[in-house]
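Fold and geometry: a report
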Amino acid sequence: MSLSANVLSRRRFLGRSALFAGGVLSAPALIPASALGRGGWRPPSERIQMGFIGLGGQGTGHLLGGAWTYVPGGYAARPDVQVVAVCDVRRERREHAQRRCNEIYAQRFGVASFNGVSAHNDFREVLARADVDAVLLALPYHWAAPMAVLAMRAGKDVYCEKPVAITVRESAVLVETARRFGRVYQAGTQQRSEYSGRFRIACELIRNGRIGRLKEVYAYRQPGAFFPTPWSAMESKPVPPGFDWDLWLGPLPWRPFNGEAGHALPGCFVGDVNWSPHHYDFIHWVVDPDPNVPVEIEYTPPAAGREAVIRYHLRDGVVIHSGAHPGERVGGEGGACFVGTEGRIAVDRSNLVAEPEHLLREPIRATDWHAYRSESHSGNFLECVRTRRPTICDAETAARAMNLILVGGIALVLKRSLVWDGRASAFIGDPEANRLLAYAPRPPWLI
Amino acid sequence: MPSILTKILARAGGGVVLLLIVVSTGGGELRRTETELLSVLESDAPNVAKAEACKHLRLVGTARAVPALSALLTNEPLAQAARHALEAIPGAEADAALRDALAKTTGLLRAGIADSIGWRQDARAVPALTSLLGDADPTVASAGARALGRIGGRDALAALQGARGRVVPGARLAVSEALLLAAEAELAAGRSRTARSVFALLARSDEPEPVRIAAHAGLLRCAGRRLPGRIESALTGPDAAAQFAALAVARTAPDPAVTRALIAVLSRAEPPLQVALLELLRERGDPTCVAAVLGVARSPNVTVRTAAWRALGDLGDASHVPLLIVAATSSEAAEQKAAREALVSLRRGAVCDALVAELRQAPARQQVEAIRALSERGETAAVPALLEQVGEVSGDVRHAALQALSRLAEAAHVAQLGELLVRAPDEALRAEILDVFESLAERNGRLAEPHAPALARVLSAAAPPARSAAFRVCALFVSEPLREVLRAGLKSAEPGVRTAAARALCEARDASLLPELTVLAQEADDAGLRSLAIAGAVRLASESSAALAPEQRIGALEAMLRVATRTEDKRRVLSGLARVPCARALALVEAAAADPSVRAEAEAARKQIEEQLAKAGR
């Protein structure tokens, strides 16, 4: 089959398409994945067709523009993307997103009656669409991994907001699925790409030895783990009209709606799984711990007025502290502080500082080690969808950092120190802790 | 041993049930805890309490807990919690309970139980799970299939193969995925013949594309030594799924023969595939790919060229600098960006020398690109060549060279930079060279031997048009020879020279010049210059980085307070005093509060000093 034959088939598809309610197709050709031959190769001049699942603050921000999207107008404004479907279990959210997207495209294409963006309550309808190449998932925590897995099984590339998994088992299935189906996966750890490259620069400075031998890392965030307290509940409030509570719950144990459906149900997690993925992903980028070397996770009970502390003891004596570096104000906003034999570097979304200061003035040279470079997280994802190159934070990378968080969180649950063998995906000598590496999901949400 | 205390407060029919469960971690306590949890399950406690007990039994349950838990597997509100516990309890008892429950349940309960069995990899459950494949409910059949896939082995594989085409339509994909899973396990166990037959079945059939991609990838992983040839065949063949799989598998196969296979395909592929291949070759980092990359670098397709430049950046060497320099002047933004990044990425060979050669001989636009690359690469060895350019060229090239020098120049280059400054034909160039000195001073403000004396010699010989700039350079650094140049300027017989030196002195970063600044503030005839001197002295005296003893700081500020007559000067001094918290500073600001023109500022400074003193006292 030649490329020209594929183009023909795409045009045939478009001829049957009901994307445009009326009028002549004046927009650039929209290329459905179903019509892509040649392994799904997508010429860069063609748009990637996307579905957006989860339209809360984060998802809508990605779609239409917001502080965290780093692209004015969000994906809907990108010339290289065509939004074809939006999905949320809250009717008002999906209908708002659908209306806005249709308005944006109507204006862009000069077709007043444009209604090519469909709205869905059930994400399975989006995954079943052959014309969706990729999905952006911005979901309650418990849905991130299951839905990413289902999407990749359906042949979709996936951008997924953190936390990417809530159990180590979910992480494993995520990695296994991405590998099996050859899908492009990007975790929403945008600090690797955004913020003027501050995090990448810090990573390169530290990995090129500017602070000497790395000794300690301060994460400024506790790790966390899924440990619902209580497992279920009885309090009940009327489910708001247009809200599919059962689908929101998905794999979680069923409980009546009681007005608490946000990123997560209160009490479902011990520690922090919301912000910690940013912190520990960045730390992982810098430290690059050897997955074959077990990690000692030291638990220290909370002192008066303080939270419990987790310390990860890595190879070569490097210690990651869950708390803040004493006296270093930089690091709390998604960052970390790295202490070496010759100084320290701390970074967050607004600052990059060093002690002594001159550590920052020595530029990274061509012969130094260089990190994977991405100047736009969404841009990197879309480029990788086209080239099939791994993203800057692919499933395996994201899962490794997430697992570090989850196993530290299990130490918080059990209030004791543990030893984690990443290669075996198990704690050493602690069968009880190993029982917390998974949970039994509610059917039919079995992965 | 540590323990977890969990209080369960549950509402039951208007009443409140309070349960206290002690979960501990060892020995007799563990058994007692399990006993307590089981007593909850056997009581008439509400479901939330029983579910909570199940959650804890996941952690501490043993075979003793199995009967109570298995009784809940058929209880819809509690089945998930019971599975949650049973799934983690080791031993044949839990396996048997889950197997038995398959026959007693239907629908979602049955699907959940099958899933738990799959995660436990209970091979004895294969017959029971096989029977689920015929279930009319696709959720049950799918769960059964996936469980069989996770258990794997000959019997599970046979069951899954037998079910192909016979399961309900909604479970077909699950059966295929389960076959993939089981086949991957066979391959990992070294039984590649079995694995290959399964993969071949799924690759040939009318399976969904994701399954076919995975199956083709599996086939390639079974290929052993034939992998390179198979990858080449897949990439040049008509099957889209096979192509897709070939790229994915090649990514994890470092064999140089695979690299050669990719190279063989590159020139024949269509542009989108060429782009993907170039990315893949780039990732492999094998410089033997360069010739192939160059072969497509002249493609009429800009996206291919862009990918080629990116690949060349990682794979190429110094000999590719001229080609990349030309590409970096492309009018296509993406191509230009890729070529520029490639020039920065190049590692092999004498890249700096090659860029310098371009700097000296290429047309102006390419010279600018060479300078940009040298700067981005941090090539300090190129500084002499850049200095040369500043002296010889004009326009964009000179501007680019000066910008690069701002980043690259070091102490060893200050004398040459000084020469350029004193010889500069116009004020604009002097200003740009001053910017370079400023950047250098930001990075290294303390000039040591032999650089400071050499710079001082050059600057002290500056002719009138460059004198002002020369003094300003002196003021940027902390160095005795440069101080002397400034001091000599202040004593010059020529009024213009004295003024230039005085103005530069007001910007001094060297605390050793504080006495001269104090004198200037006291004696300058020009009120504007006096104000500048006061500002400079306050800045030096109150900067924490200045190497001054507290008494020197306060002494200088007190002197400035005495000479300040303008309100804005007095305010400036008060703000400086506020940054030097001590009793003497406090007395000075309290006294200053008597002056109505600065009363508010004096009060604010007093407050600030008192707060800092209090903080220090804590």
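Residues numbered from 1 in each chain as written. Chains lettered and ligands numbered in written order. Predicted model: local features only at pLDDT ≥ 70, side-chain atom pairs only at ≥ 80, totals over all residues. Heavy atoms only, no water.

**Focus on the state of the cysteines**
Residue and element names in this part refer to chain A. The criterion, for reference: Note on terminology: pairs of cysteine sulfur atoms within 2.5 Å are recorded as disulfides. Only protein chains enter the area calculation, which uses a 1.4 Å probe; residues under 20% of their type maximum are buried, those over 50% are exposed, and those in between are partly exposed.
A full pass over the atoms with the stated rule returns 0 disulfides over all chains. Distance from the sulfur of cysteine 87, which forms no disulfide, to the nearest cysteine sulfur (cysteine 101) is 13 Å. What makes cysteine 87 buried here is its relative accessible area of 2%.

**Focus: helix H11 (residues 395-414) of chain A**
One full turn of an α-helix is made of 3.6 residues, so residues set three or four places apart face in the same direction. Residues and elements named next belong to chain A. Definition in use: The helix count covers DSSP runs of H or I at least four residues long, the strand count covers runs of E at least two residues long, and both are numbered beginning at the N terminus. A helix is expected to span 1.5 Å multiplied by its residue count minus one.
Counted at 1.5 Å a residue, the expected span for H11 with its 20 residues is 28 Å, and the 28 Å between its end C-alpha atoms agrees. H11 sits mainly inside the fold: 17 of its 20 residues count as buried. Positive phi appears at lysine 415, one or two residues downstream of H11, with a value of about 55°.

**Here's the deal with the pattern of salt bridges**
Residue and element names in this part refer to chain A. Quick reminder of the rule: Think of a salt bridge as a Lys or Arg side-chain nitrogen and an Asp or Glu carboxyl oxygen that are within 4 Å of each other.
Tallied over the full model, the rule gives 67 salt bridges over all chains. The partner of arginine 78 in a salt bridge is aspartate 80, with the nearest N and O atoms 2.9 Å apart. For arginine 78, a relative accessible area of 13% puts it in the buried group. Of the charged contacts, one joins arginine 207 and aspartate 288 as a salt bridge, the two residues approaching to 3.7 Å between their closest N and O atoms. Of the two residues, arginine 207 sits in helix H7 (residues 198-207) while aspartate 288 sits in the loop between helix H9 (276-287) and strand E10 (295-300), which places them 81 residues apart along the sequence.

**A look at the domain arrangement of chain A**
Residue and element names in this part refer to chain A. The criterion, for reference: Those domain boundaries reflect an automatic or database domain assignment. Buried area adds together the accessible area that both of two parts lose upon being put together, with accessible area traced by a 1.4 Å probe. Polar contacts, as counted here, are pairs of nitrogen or oxygen atoms within 3.5 Å of one another; within protein the pair requires one atom able to donate a hydrogen and one able to accept it, and residues that are adjacent in sequence qualify only if both atoms are side-chain atoms. Three classes are used: nonpolar for Ala, Val, Leu, Ile, Met, Phe, Trp, Tyr, Cys and Pro, charged for Asp, Glu, Lys and Arg, and polar for all others, with Gly counted as polar.
Here the domain parsing of chain A yields domain 1 (3-138) and domain 2 (195-226 + 271-437). At the boundary of domain 1 with domain 2, total buried surface from both sides reaches about 970 Å², with 63% on carbon and sulfur atoms. For the pair domain 1 and domain 2, the number of links is 1 residue pair in polar contact (both at pLDDT 80 or more). In terms of residue class, the side of domain 1 that touches domain 2 is made up of 10 nonpolar, no polar and 4 charged.

**Description of the packing of helix H32 (residues 527-542) of chain B against helix H33 (residues 550-563) of chain B**
Residues and elements named next belong to chain B. Threshold: What counts as an axis is a line fitted to C-alpha atoms, over the stretch in contact for a helix, and the angles between N-to-C directions run from 0 to 180 degrees. Each angle receives one of four descriptions, namely roughly parallel if under 35 degrees, roughly antiparallel if over 145, roughly perpendicular if within 65 to 115, and oblique otherwise. Left-handed describes a crossing whose near helix is turned anticlockwise from the far helix by less than a right angle; the clockwise case is right-handed. We call two residues in contact when some of their heavy atoms are within 4.5 Å.
Interhelical geometry of H32 versus H33 gives an angle of 155° and a closest axis separation of 9 Å. If you check the angle between H32 and H33, you find them roughly antiparallel. In terms of crossing hand, the pair formed by H32 and H33 is left-handed. Between H32 and H33, the residues in contact are Ile534, Ala537, Val538, Leu540, Ala541 and Ser542 and Arg553, Ala556, Leu557, Met560 and Val563, respectively. Looking at the contact of H32 with H33, its residues break down into 9 nonpolar, 1 polar and 1 charged.

**Focus on the pairing of strand E2 (residues 81-87) of chain A**
Looking along a regular strand, one sees the side chains alternate between the two faces of the sheet. Residue and element names in this part refer to chain A. As a reminder of what qualifies: Here, a strand pair is defined by DSSP locating no fewer than two bridges between the strands. For a crossover, the right-handed case is the one in which the path from the first strand over the helix to the second runs clockwise, viewed with the strands pointing away from the viewer.
The buried count for E2 comes to 7 of 7 residues, which makes it a mostly enclosed element. The pairing of strand E1 (residues 48-53) with E2 spans 6 bridges and is parallel. When the bridges of E2 are listed, isoleucine 48 appears paired with valine 81. Alignment of E2 against strand E3 (residues 118-120), held across 3 bridges, turns out to be parallel. Considered in E3, the bridge of alanine 85 is made with serine 118. Each parallel crossover has a hand, and for E2 linked through helix H3 (residues 91-109) to E3 it is right-handed.

**Some thoughts on empty space enclosed by the protein**
Selection rule: Lining residues are defined by having an atom within 4 Å of a point belonging to a cavity or pocket. Those points lie on a 1 Å grid over the protein atoms alone, cavities being sets where a 1.4 Å probe fits but cannot get out and pockets being open sets with protein on both sides within 12 Å along at least five of seven lines. Grid points are joined across faces, edges and corners, and a volume is the space filled by probe spheres set on the points.
Across all of its chains, the model carries 9 cavities of 30 Å³ or more by this definition. In this structure, the largest cavity is lined by 13 residues; those nearest its centre are A:Arg169, A:Glu170, A:Tyr439, A:Pro441 and A:Ile447. Of all the elements in the fold, those that place two or more residues in the lining of the largest cavity are helix H6 (168-181) of chain A together with helix H6 (107-120) of chain B. Residues belonging to the lining of the largest cavity are distributed by class as follows: 9 nonpolar, 1 polar and 3 charged.

**Regarding the layout of surface pockets**
In this structure, the second largest pocket occupies an estimated 1,300 Å³ of space. Mapped onto the lining of the second largest pocket, the elements with two or more residues apiece are H6, H11 and helix H12 (431-434) of chain A together with helix H4 (76-88), H6, helix H8 (138-151), helix H10 (172-188) and helix H12 (209-221) of chain B. Residue contributions to the lining of the second largest pocket peak at 8 residues, all from H6(A). Taken together, the residues that form the lining of the second largest pocket break down as 25 nonpolar, 10 polar and 14 charged.

**Some thoughts on the confidence of the model for chain B**
This is how the line gets drawn: The predictor attaches a confidence to each residue, called pLDDT, with possible values from 0 through 100.
Looking at chain B, pLDDT values average 91 and 94% of them are 70 or higher. Of the regions scoring below 50 in pLDDT, residues 1-30 of chain B engages in 65 contacts with residues more than four places distant in sequence or in other chains.

**Description of the confidence of the model for chain A**
Taken as a whole, chain A shows an average pLDDT of 88; of its residues, 89% reach a score of 70 or greater. Long-range and interchain partners of residues 1-39 of chain A, a stretch whose pLDDT sits below 50, account for 73 contacts in this model, where long-range means more than four residues apart.

**Concerning the environment of A:Ser376**
Residue and element names in this part refer to chain A. For serine 376, the location among the structural elements is in the loop between strand E15 (352-355) and helix H10 (377-387). Here the alpha-carbon distance between serine 376 and arginine 210, two residues 166 residues apart in the chain, equals 26 Å. In contact with serine 376, not counting residues within four places along its chain, are Arg78, Ser193 and Glu194.

**Details of helix H34 (residues 567-578) of chain B**
The end-to-end C-alpha separation of H34(B) is 17 Å, in line with the 16 Å expected for 12 residues at 1.5 Å each. Looking at H34(B), one finds that the buried residues are B:Asp569, B:Lys570, B:Val573, B:Leu574, B:Gly576, B:Leu577 and B:Ala578.

**Thoughts on the interface of chain B and chain A**
Each side of the interface is counted separately: chain B has 77 residues, and chain A has 64 residues. For the chain B and chain A pair, buried surface summed over both sides reaches about 5,800 Å², with 56% attributable to carbon and sulfur atoms. Counting the surface chain B buries against chain A, the share from its top three residues, B:Leu59, B:Gln80 and B:Phe244, is 12%. The tally of links from chain B across to chain A stands at 7 salt bridges.

**Some thoughts on the packing of helix H21 (residues 351-361) of chain B against helix H23 (residues 383-392) of chain B**
All names here are of chain B. At a minimum axis separation of 10 Å, H21 and H23 run at an interaxial angle of 10°. The angle between H21 and H23 falls in the class roughly parallel. Contacts between H21 and H23 involve Val356, Leu359 and Arg360 from the first element and Ala385, Leu386, Glu388 and Gln389 from the second. The class makeup of the residues in the contact of H21 with H23 is 4 nonpolar, 1 polar and 2 charged.

**Brief notes about the side chain of B:Asp286**
Residue and element names in this part refer to chain B. Secondary-structure assignment places aspartate 286 in the loop between helix H16 (271-284) and helix H17 (290-296). Looking at aspartate 286, its side chain comes within polar contact range of the side chain of threonine 288, at 2.7 Å. Leave out the neighbours within four places in its chain, and aspartate 286 touches Thr259, Leu281 and Leu315.

**A closer look at the nonpolar core**
Note the threshold: In these notes, a set of buried Ala, Val, Leu, Ile, Met, Phe, Trp, Tyr and Cys residues joined through side-chain atoms within 4.5 Å is what counts as a nonpolar core.
Residues A:Ile53, A:Tyr185, A:Phe282, A:Ile297, A:Phe338, B:Leu69 and B:Leu129 are the most contacted members of the largest nonpolar core, which totals 175 residues. With 12 residues, the top contributor of residues to this core is H11(A). Counting contributing residues per domain, this core is built from domain 1 (3-138) and domain 2 (195-226 + 271-437) of chain A, each supplying no fewer than three. With sequence-adjacent residues up to four places away left out, B:Leu129 is seen in contact with B:Leu102, B:Ala114, B:Ile117, B:Gly144, B:Ala147, B:Leu148 and B:Ile151.

**Description of the packing of aromatic side chains**
The condition is simple: Two rings from Phe, Tyr or Trp (for Trp, the six-membered ring) form a pair when their centres are within 6.5 Å of each other. A pair whose planes differ by under 30 degrees is stacked, one over 60 is edge-to-face, and the rest are tilted. Each ring is checked for a lysine NZ or an arginine CZ that lies within 6 Å of its centre and within 35 degrees of its normal; such an atom marks a charge sitting over the ring.
Counted by the stated rule, this structure contains 21 aromatic pairs over all chains. Through pairs of rings, three or more aromatic residues link up here, namely A:Tyr141, A:Phe226, A:Phe269 and A:Tyr439. Above the plane of the ring of A:Phe243 lies A:Arg90, whose end atom (NZ or CZ) is 4.3 Å from the centre. B:Lys55 extends its terminal NZ or CZ atom over the ring of A:Phe227, reaching a point 4.4 Å from the ring centre.

**Digging into the sheet that holds E1(A)**
Residues and elements named next belong to chain A. The parallel open sheet is built from 6 strands, whose spatial order is E3-E2-E1-E4-E5-E6. Strand pairing shows two members of the sheet lacking a second neighbour, E3 and strand E6 (185-187), which therefore form its edges. Going across the sheet, the axis of each strand differs from the next one's by a mean of 20°, ignoring polarity. Here E1 pairs with strand E4 (residues 134-137) via 4 bridges, running parallel. Within the sheet, the bridge partner assigned to phenylalanine 52 lies in E4 and is leucine 136. Of the strands in this sheet, E1, E2, E4 and strand E5 (157-160) are in contact with helix H2 (residues 57-64), which crosses E1 at around 155°.

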